[in-house]
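# Descriptive structure summary
The lines below spell out each chain.
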Amino acid sequence: LERVKKLESLGYTFEGADASVELMILHSTTTYCPPFRVMDYTAQVYDTNVDSASRVMSKMEQERYHGGVPAGLARATVKVQLHEDPDHQEEGFLNRLEVAEGDGPVDALANALKQALIPSHPELENLKLIDYKVRILDAELATRAATRVMIE
């Protein structure tokens, strides 16, 4: 509860974010053992269409002029650490480094994270990110502002 209050004093809001609060409570218990840990990640965005006119080209024209390469491409790298034994009976750890592409940085990161986790957690195979919304918490801070992300 103290952590929630501290974060709210920094501008975070938790109305409608029940899962975030539940995860914070779970993480604060002494018996919690995370199923994986993100060691690091990167995301890069490439745009092969450098002029504004090419952004309105039809998909067929993009394939013809850009060899089938999408106009905007994102690539992400994710390194995770997992327990070698999914039941946590043994102390060994396994590191996985995965690279994936997507239609934007969030899609690329989601794809790379899934690639890293699915061998140990096959139940994630059918998981799909359907929608998310990003809100700027303090517009005066512009690009330095904290954001609120709602995942649906």
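In this numbering scheme, every chain counts its residues from 1 along its sequence in written order. Predicted model: local features are reported for residues with pLDDT of at least 70 only, side-chain atom pairs are reported and counted for 80 or more only, and whole-chain, interface and lining totals are derived from all residues. Excluded from the side-chain calculations are hydrogens and water; all other atoms, namely the structure's heavy atoms, are used.

### Observations concerning the overall build of the protein chain
Which entries qualify depends on this criterion: Note on conventions: DSSP H or I runs of at least 4 residues are helices, E runs of at least 2 residues are strands, and numbering of each starts at the N terminus. Exposure categories follow from relative accessible area, calculated using a 1.4 Å probe and restricted to protein chains: below 20% of the type maximum is buried, above 50% is exposed, and the middle band is partly exposed. In this analysis, two residues are considered to be in contact whenever any of their non-hydrogen atoms come within 4.5 Å of each other. Per-residue and other accessible areas were derived by the Shrake-Rupley procedure at a 1.4 Å probe size, with only the shown protein chains allowed to occlude residues.
Counting secondary structure elements, the protein chain contains four helices and five strands. When its helices and strands are written in sequence order, the protein chain yields α-α-β-α-β-β-α-β-β. Burial status across the protein chain gives 20% buried among its 152 residues. Long-range contacts, defined as pairs at least 24 residues apart, comprise 45% of the intrachain contacts of the protein chain with a sequence gap of at least 6. Looking at the protein chain as shown, the accessible area adds up to about 11,400 Å², and 55% of this sits on carbon and sulfur atoms.

### Concerning unusual backbone geometry
For Ala142, which is not glycine, the phi dihedral falls at a positive 50°. As for its placement among the helices and strands, Ala142 is situated in the loop between β4 (132–136) and β5 (147–151). Taking relative accessible area as the criterion, Ala142 reaches 46% and is therefore assigned partly exposed.

### Some words on the environment of Ala145
For Ala145, the position within the fold is in the loop between β4 and β5. Placed ten residues apart in sequence, Ala145 and Arg135 show a C-alpha to C-alpha distance of 9.7 Å.

### What about the pattern of salt bridges?
This is how it is decided: In what follows, salt bridge is the name for a side-chain nitrogen of Lys or Arg lying within 4 Å of a carboxyl oxygen of Asp or Glu.
The tally for this structure, following the rule as stated, stands at one salt bridge. Put simply, Arg75 and Glu101 hold a salt bridge, and the shortest N to O gap is 2.9 Å. Here Arg75, found in strand β2 (residues 72–83), pairs with Glu101, found in strand β3 (residues 93–102); they are 26 residues apart in sequence, far enough to count as distant.

### Things to note about helix α4 (residues 105–117)
Rules: Multiplying one less than the number of residues by 1.5 Å gives the expected span of a helix. Directions are taken from the helix axis to each C-beta atom, and the arc is the one they span.
In a regular helix each residue adds 1.5 Å, so 13 residues correspond to 18 Å; α4 covers 18 Å between its end C-alpha atoms and thus fits that length. All of the buried residues in α4 are Ala108, Ala112, Ala116 and Leu117. One side of α4 carries all its buried residues, which in axial view fall inside an arc of 160°.

### Comments concerning the side chain of Arg96
Worth spelling out the cut-off: Charge counting treats Lys and Arg as positive and Asp and Glu as negative, with His and both chain ends excluded. Within 3.5 Å is the distance limit for a polar contact, defined as a pair of N or O atoms, with the added protein rule that one can donate a hydrogen and the other accept it, and that residues adjacent in sequence qualify only through two side-chain atoms.
If you trace the backbone, Arg96 turns up in strand β3. Notably, Arg96 is buried but unbridged: the nearest opposite-charge side chain belongs to Glu98, and the N-O separation is 5.5 Å. Within the local environment of Arg96, its side chain forms a polar contact with the backbone oxygen of Ala116, the two atoms lying 3.0 Å apart. Residues contacting Arg96, with those up to four places away along its chain left out, are Val78, Lys79, Val80, Leu82, Ala116, Pro119 and Ser120.

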